[in-house]
Amino acid sequence: MKFDKEHWKDTDINIDSLWLIGPRAKGGKRENVYHGNFVPQIPDNLIRRYTEEGDIVLEPFMGSGTTLYECERLNRHYIGFDINREIIEHVKSKMADCNNIHYSIMDCDITNTELSDMKIRESLKQMKAQRVDFVLSHPPYWDIIKFTALPSDLSNSSDLKSFLDKFVISMQNTVKYLRTGKHFAFVAGDIYRDGEVIPLGFYMMQSVKNNIKCKLKGIVIKDMVGNKAKIGIESLWRYRTLKSDTFLFKHEYIFVFKK
């Protein structure tokens, strides 16, 4: 989005590095039916800040379609991948009445470079474009949630290195279709493993910096609200944490880069 001296005060886009979002935004096609999906406020803020109406957003891990629904609401075209056929069909059914944007939803392993190349190029050709304008990724946080039983699923990675290698491939396979000077972002969280914190988000961030030519433009810390794994058992999680020497995760990261 372009901001000039006359209108920059009119926007409510969040430019802070700490996002205290609160309840999940509702209305329209927004829903919270998929384990691990993120709040609509994240794609809403990022899409409005880094794209214009008519731009194309590419998402390597579509999930339940949160980003797509925001693209429809904000008049941005969309290309999305996932390997969960059941959720793909669910999203397609919800988009059956869409008539204001072009969108392409693909059942495709984004770590398969040859196949993803073919499908992205095919989608871009249908949209009469050669590049996308923004890439937004919300990958699994390693194996915290097992999304499918497929070996190619990042949540089935056998170890941290394998997960990071697959994640980097997914970013390389999408960012190469991003226009130079445009932005891409991913959302990530940390995990506990073997009695200690694994700073997964920062490992992912450094892996991107090491393998993709880009500039890190922002690290946003976002509060975690409405985590489906903790709804209704918040007291139990507090009890477990107090008994241990750890802390209860209440944050995620949004890393923003410029190609």
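Residues numbered from 1 in each chain as written. Predicted model: local features only at pLDDT ≥ 70, side-chain atom pairs only at ≥ 80, totals over all residues. Heavy atoms only, no water.

## Considering the overall build of the protein chain
The condition is simple: Under the DSSP-based scheme used, a helix requires at least four consecutive residues in state H or I and a strand at least two consecutive residues in state E, with every element numbered from the N terminus. Relative accessibility decides the category of a residue: with a 1.4 Å probe and only protein chains considered, values under 20% of the type maximum give buried, values over 50% give exposed, and everything between is partly exposed. Should any heavy atoms of two residues lie within 4.5 Å, those residues are considered in contact. To measure how exposed things are, a 1.4 Å probe is used in the Shrake-Rupley method; for residues, cover is taken only from the protein chains shown.
The helix and strand tally for the protein chain stands at 7 helices and 10 strands. Residue burial in the protein chain is summarised as follows: out of 259 residues, 51% are buried. A separation threshold of at least 6 residues defines the contact pool for the protein chain, and within that pool the share at least 24 residues apart is 70%. In the structure as shown, the protein chain presents an accessible area of about 13600 Å², 52% of it carried by carbon and sulfur atoms.

## Looking at the packing of aromatic side chains
As a reminder, the rule being used: Only centres within 6.5 Å qualify two rings of Phe, Tyr or Trp (six-membered ring in Trp) as a pair; their planes then separate them into stacked at under 30 degrees, edge-to-face at over 60, and tilted for everything else.
Applying the stated rule across the entire model yields 10 aromatic pairs. Each ring, one from phenylalanine 186 and one from phenylalanine 257, has its centre 5.9 Å from the other, and the planes form 15°; the classification is stacked. Remark: phenylalanine 257 occurs in strand S10 (residues 251–258) and phenylalanine 186 occurs in strand S6 (residues 178–188); sequence separation between them is 71 residues. Here the two residues phenylalanine 186 and phenylalanine 257 agree in accessibility, since each one is buried. Pairing phenylalanine 202 with tyrosine 253 gives two aromatic rings, centres 4.8 Å apart and planes at 65°, and the pair type is edge-to-face. One end of the pair, phenylalanine 202, is in helix H6 (residues 200–211); the other, tyrosine 253, is in strand S10, and 51 residues separate them in sequence. Assessed through its relative accessible area of 32%, phenylalanine 202 is described here as partly exposed. Through successive ring pairs, a cluster of aromatic residues spans Phe163, Phe167, Phe184, Phe186, Phe202, Tyr253, Phe255 and Phe257.

## Examining a positive patch on the surface
This is how the line gets drawn: Here a patch means residues that are over 30% exposed by relative accessible area and free of salt bridges, tied together within 9 Å if like-charged and within 5 Å if nonpolar (Val, Leu, Ile, Met, Phe, Trp, Tyr). Any carboxyl oxygen of Asp or Glu that lies within 4 Å of a side-chain nitrogen of Lys or Arg is treated as forming a salt bridge with it. Only four residue types enter the charge count: Lys and Arg as positive, Asp and Glu as negative, with His and the chain ends excluded. To locate a charge, take NZ of a lysine, CZ of an arginine, CG of an aspartate or CD of a glutamate.
Together, Lys209, Lys215, Lys217 and Lys258 give the surface a local cluster of positive charge. Structurally, lysine 209 is set in helix H6.

## Describing the pattern of salt bridges
Counted according to the given criterion, the structure contains 10 salt bridges. Note that lysine 176 is salt-bridged to aspartate 117, the shortest N-O span being 3.0 Å. Placement of the pair is lysine 176 in the loop between helix H5 (160–175) and S6 and aspartate 117 in helix H4 (residues 113–126), with a sequence separation of 59 residues. On the basis of relative accessible area, lysine 176 is assigned to the partly exposed category, the value being 35%.

## As for H5
Stated precisely, the cut-off is as follows: Multiplying 1.5 Å by the residue count of a helix minus one yields the expected span of that helix. The term polar contact refers here to a pair of N or O atoms within 3.5 Å; inside protein, the definition further demands a hydrogen-donor-capable atom paired with an acceptor-capable atom, and it admits residues adjacent in sequence only when both atoms are side-chain atoms.
For H5, spanning 16 residues, the distance from its first C-alpha to its last is 22 Å, which sits close to the expected 22 Å at 1.5 Å a residue. Looking at the buried residues of H5, the elements they touch are strand S2 (56–59), H4, strand S5 (132–137), S6 and H6. Looking at where H5 begins, the residue whose side-chain oxygen comes 3.3 Å from the main-chain nitrogen of lysine 161 is aspartate 159.

## Details of the sheet that holds strand S9 (residues 215–223)
Defined as follows: Two strands qualify as a pair provided DSSP detects at least 2 bridges between them. Between N-to-C directions, angles cover 0 to 180 degrees, with each direction set by a line fitted to C-alpha atoms, over the stretch in contact for helices.
One open sheet holds the 8 strands; their spatial order is S1-S9-S10-S6-S5-S2-S3-S4, and the pairing between them is mixed. Each edge of the sheet is formed by a strand with only one pairing partner; in this case those strands are strand S1 (18–19) and strand S4 (103–107). Across 6 bridges, the pairing between S6 and S10 is antiparallel. Counterpart to histidine 183 in the pairing with S10 is lysine 258. Its contacts with the sheet put helix H3 (residues 85–94) on strand S3 (77–82) and S4, and the angle it makes with S4 is roughly 160°.

## Overview of the layout of surface pockets
We apply this condition: Here a cavity means grid points, on a 1 Å grid over the protein atoms only, where a 1.4 Å probe fits yet cannot get out; a pocket means an open set of points with protein on both sides within 12 Å along at least five of seven lines; lining residues are those with an atom within 4 Å of a point. Grid points are joined across faces, edges and corners, and a volume is the space filled by probe spheres set on the points. Asp, Glu, Lys and Arg are counted as charged, while Ala, Val, Leu, Ile, Met, Phe, Trp, Tyr, Cys and Pro are counted as nonpolar; the rest, among them Gly, fall into the polar class.
By volume, the second largest pocket amounts to about 230 Å³. Taken together, 16 residues form the lining of the second largest pocket, with Arg49, Tyr50, Lys217, Gly218 and Val256 sitting closest to its centre. Of all the elements in the fold, those that place two or more residues in the lining of the second largest pocket are helix H1 (41–50), S9 and S10. Residues belonging to the lining of the second largest pocket are distributed by class as follows: 8 nonpolar, 4 polar and 4 charged.

## Brief notes about the packing of H5 against H6
To keep things clear, this is the line we draw: Oblique is the label for any angle not under 35 degrees, not over 145, and not in the 65 to 115 range, which are roughly parallel, roughly antiparallel and roughly perpendicular in turn. Note: crossing handedness is left-handed where the near helix turns anticlockwise from the far helix by less than a right angle, and right-handed where it turns clockwise.
Remark: H5 packs on H6, axes separated minimally by 10 Å, with the N-to-C direction vectors making an angle of 50°. It follows that H5 is oblique to H6 by the angle criterion. Both H5 and H6 take part in a crossing whose hand is right-handed. Contacts from Leu160, Phe163, Leu164, Phe167, Val168, Met171 and Gln172 of H5 reach H6 at Leu200, Tyr203, Met204, Ser207, Val208 and Asn211.

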